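Reading the structure
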Amino acid sequence: MSGKQEDIRLTTFEQAFAPLLAELDVPIVAINADAPPTDEATIRLREPRFRVVTLAGTGHFVMMEKPRAFNALVARIVAAWAAPAAVAAPPLSEAAPTR
C-alpha cells in the first residue's frame, strides 16, 4: 500500500473516530484472525489503548468460525476490564477453547 493511501486512511480515522474514542473509558480490543496480521503498533500510535488478540486458524469471520473460542475471549476481555486493579486477570493471549 502506498504512503498516500495510508495517510488518507489514518486521516479518515482521526477525523471520524478520534474525538469519540477520547471520550471512552474502556479497552479497545480487536479479536482478529492471524493472517494477515494486524499492524497493532501503527494503530497504537493513534490510539494507545488499542490491543489485538488473534484467534489462530480463522478467516474473516472469527466469531462464526470459532464461536466458543470467540465468546471465551470476549468474556476474558470484559473480565479483565471489570476486575479491580489488585486482582490479576489472566493474560488475553492465553489459549482459549478452539470451538
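What this report covers is the structure whose coordinates are included nearby.

1. Focus: the overall build of the protein
Scanning the protein for helices and strands turns up 4 helices and 2 strands. Taken over 99 residues, the protein has a buried fraction of 19%. Partitioning the contacts of the protein with sequence separation of at least 6, the portion at a separation of at least 24 is 37%. Of the accessible surface of the protein, which amounts to about 7100 Å², a share of 63% is contributed by carbon and sulfur atoms.

2. Comments concerning helix α4 (residues 67-82)
Counted at 1.5 Å a residue, the expected span for α4 with its 16 residues is 22 Å, and the 22 Å between its end C-alpha atoms agrees. All of the buried residues in α4 are A69, F70, L73, R76 and I77. The arc enclosing the buried residues of α4, seen along the axis, measures out at 125°, which places them on a common side. Pointing more than 90 degrees away from the buried face of α4 are the exposed residues R68 and A82.

3. Considerations on the pairing of strand β1 (residues 28-32)
By the bridge criterion, 5 bridges tie β1 to strand β2 (residues 50-54) in an arrangement that is parallel. Its bridge partner lying in β2, A30 is registered against V52. Note that the unit made of β1, helix α2 (residues 40-46) and β2 has a crossover that is right-handed.

4. Structural notes on unusual backbone geometry
In this structure, the amide linkage connecting A35 to the following residue, P36, adopts the cis form with an omega of -10°. By the secondary structure assignment, P36 is in the loop between β1 and α2.

Reading the values: rules and limits
- Residues numbered from 1 in each chain as written.
- Predicted model: local features only at pLDDT ≥ 70, side-chain atom pairs only at ≥ 80, totals over all residues.
- Heavy atoms only, no water.
- Helix = DSSP H or I, 4+ residues; strand = E, 2+ residues; numbered from the N terminus.
- Buried < 20%, exposed > 50% of the residue type's maximum accessible area, 1.4 Å probe, protein only.
- Contact = heavy atoms within 4.5 Å.
- Areas by Shrake-Rupley, 256 points an atom, 1.4 Å probe, with all protein chains shown as cover.
- Expected span 1.5 Å × (residues − 1).
- Arc of directions from axis to C-beta.
- Pairing = 2+ DSSP bridges.
- Right-handed = clockwise from strand over helix to strand, strands pointing away.

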